[in-house]
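Summary of the model geometry
Letter by letter, the chains look like this.
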Amino acid sequence: MSSNSRQNAETPLLKVSNLETAFKIDGEYHNAVDNVSFSVKPKQIVGIVGESGCGKSVMSLSIMKLLPKHNGEIRSGQVDFKGKELQDLDDNEMNTIRGKDISMIFQEPMTALNPVFTIGFQLEEVLFNHMNISKREARLKSVSLLKSVGISRPEQIVEEYPHQLSGGMRQRVMIAMAIACQPQLLIADEPTTALDVTVQAQILELLKEIQEVNDMSIILITHDLGVVAEMCDEVIVMYAGRIAERASAEELFYNPKHPYTKLLMGSIPKLDEEVEKLSSIEGIVPSLVNMPKTGCKFVDRCPQAMAECRELTPQLKEDNVNHEVACLLYENSFPTERVKVSK
Ligand code: SF4
């Protein structure tokens, strides 16, 4: 590899810096994404994990500038995609990027597909939006896209409507639409959650194949660490709008540090163990309006919480090479004698 191409491989495709996204509720702004920074390199698969309400999906909608207009807002920070500051682009400029350079697939393809149009029509729409091609070329390309995502009899499927397909087939169609213009970045938001286990595995396999063939980067948003273990190079664990931990997938699984990550690990089913009931994390993620104003937002659920955790906000710090964690247990300046919080 030449030093130039090595440098290119290291230059991030996407760089999110100090992103704050808020929703206005009863006249007050509440941060759903709170000072988040991370980057995605070319050909990298970055997993973003956490329970519902941790800010994962809001972050992806912020990157795509698809926040609800009536109350969602990027309040500060930058989203740099190949040198372009996306937060400064208007709707028209974003429309040229969405679908062409960055695509997104969602959990429930039925809500993203239009039930009144055929699969072929919807695929061709994507192609016409970004490419100057004839109707015939668009139809041929649609058929070949469906074939590339493992759909048999694609010539018939282009004539069918979304409700005529199974959940797995619909998700394959969504993937075909998302890769139609060969984007460099795909954001997959819980792409397999609505599918049964066998189909989940097939869709993940397909995403991985497509990523390799097209040299694409993927941000994979999921609540499932098992999916992350299968797929990702790097993992970001989010809690209550902030990054709790970030590391390579290997490092995170062998050496989890944040108490939240450790608890999430405990909820992964293990094939070689007879588990009667999966351990789940007690309590719930605080809602936007009930977010603690100071201290660690995980304090009410953390088995290692200390009195100081209610006062001091942990900052994301590099604990090891390429491993960052936001927890007072890992802050050097923290007093060695720690007091456990009584609950
Ligand atoms: Fe738990 Fe305190 Fe660390 Fe937060 S800062 S995760 S409450 S130990």
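Here the structure is shown first, and the text comes after it.
Below is a short write-up of the structure. (Residues numbered from 1 in each chain as written. Predicted model: local features only at pLDDT ≥ 70, side-chain atom pairs only at ≥ 80, totals over all residues. Heavy atoms only, no water.)

Description of the site of the ligand
Near the ligand you find 13 residues, and of these Cys 296, Cys 302, Cys 309, Cys 327 and Leu 328 are the closest. Class assignment of the residues belonging to the shell around the ligand gives a composition of 11 nonpolar, 2 polar and no charged. (Near = heavy atom within 4 Å. Nonpolar A, V, L, I, M, F, W, Y, C, P; charged D, E, K, R; others polar.)

Quick notes on helix α8 (residues 167–179)
An ideal rise of 1.5 Å per residue puts 18 Å on 13 residues; α8 measures up with 19 Å between its terminal C-alpha atoms. α8 sits mainly inside the fold: 11 of its 13 residues count as buried. Those residues of α8 that fall on the buried side of the exposure criterion are Gly 168, Arg 170, Gln 171, Arg 172, Val 173, Met 174, Ile 175, Ala 176, Met 177, Ala 178 and Ile 179. (Helix = DSSP H or I, 4+ residues; strand = E, 2+ residues; numbered from the N terminus. Expected span 1.5 Å × (residues − 1). Buried < 20%, exposed > 50% of the residue type's maximum accessible area, 1.4 Å probe, protein only.)

Topic: the pairing of strand β2 (residues 28–40)
Bridge count for strand β1 (residues 14–25) against β2 is 10 bridges, and the pairing is antiparallel. Residue pairing in the sheet places Ile 25 in a bridge with Glu 28 of β2. Hairpin geometry of β1 and β2 is characterised by an intervening segment of 2 residues between the two adjacent antiparallel strands and by a positive phi of about 50° at Asp 26. (Pairing = 2+ DSSP bridges.)

What to know about the sheet that holds strand β4 (residues 72–81)
Reading across the sheet, the 4 strands line up as β2-β1-β4-β5 and stay open at both edges, with antiparallel pairing between neighbours. Looking along the sheet, the strands with just one partner apiece sit at the ends: β2 and β5 (84–85). Examined bridge by bridge, β1 and β4 share 8 bridges and lie antiparallel to one another. Directly across from Ser 17, in β4, lies its bridge partner Gln 78.

Quick notes on the pattern of salt bridges
Across all of its chains, the model carries 14 salt bridges by this definition. When the shortest N-O distance is used, the salt bridge between Glu 160 and Arg 153 registers 3.5 Å. Taken together, the shared-partner salt bridges connect Glu 124, Lys 135, Arg 139 and Glu 159 into one network. (Salt bridge = Lys/Arg side-chain N within 4 Å of Asp/Glu carboxyl O.)

Some points on the side chain of Gln 211
When you line up the elements, Gln 211 lands in helix α9 (residues 197–214). Taking relative accessible area as the criterion, Gln 211 reaches 8% and is therefore assigned buried. At 2.7 Å, the side chain of Gln 211 forms a polar contact with the backbone oxygen of Lys 43. Here Gln 211 is in contact with Lys 43, Gln 44, Ile 45, Met 216 and Ile 218, once residues within four sequence places are set aside. (Polar contact = N/O pair within 3.5 Å; in protein donor to acceptor, adjacent residues only side chain to side chain. Contact = heavy atoms within 4.5 Å.)

Notes on unusual backbone geometry
Positive phi is not limited to glycine here, since Glu 190 has a value of about 50°. Inspection of the secondary structure assignment puts Glu 190 in the loop between β7 (185–189) and α9. Even without being glycine, Asp 215 reaches a positive phi, approximately 55°. Counting through the fold element by element, Asp 215 comes out in the loop between α9 and β8 (217–222).

Quick word on the packing of aromatic side chains
Evaluation of the coordinates by the stated rule reveals 4 aromatic pairs. Note on Phe 117 and Phe 121: the rings are 4.5 Å apart at their centroids and 20° apart in plane angle, and the pair reads as stacked. Among the aromatic residues, those joined into a ring-pair cluster are Tyr 239, Tyr 260 and Phe 298. Over the face of the ring belonging to Tyr 29 we find Arg 75, whose NZ or CZ atom lies 3.6 Å from the ring centre. (Phe/Tyr/Trp six-rings, centres within 6.5 Å; stacked < 30°, edge-to-face > 60°. Lys NZ or Arg CZ within 6 Å of the ring centre and 35° of its normal.)

A closer look at the nonpolar core
Leu 14, Phe 38 and Ile 219 are the most contacted members of the largest nonpolar core, which has 101 residues in total. With 7 residues, α8 is the largest single contributor of residues to this core. (Core = buried A, V, L, I, M, F, W, Y, C linked by side-chain atoms within 4.5 Å.)

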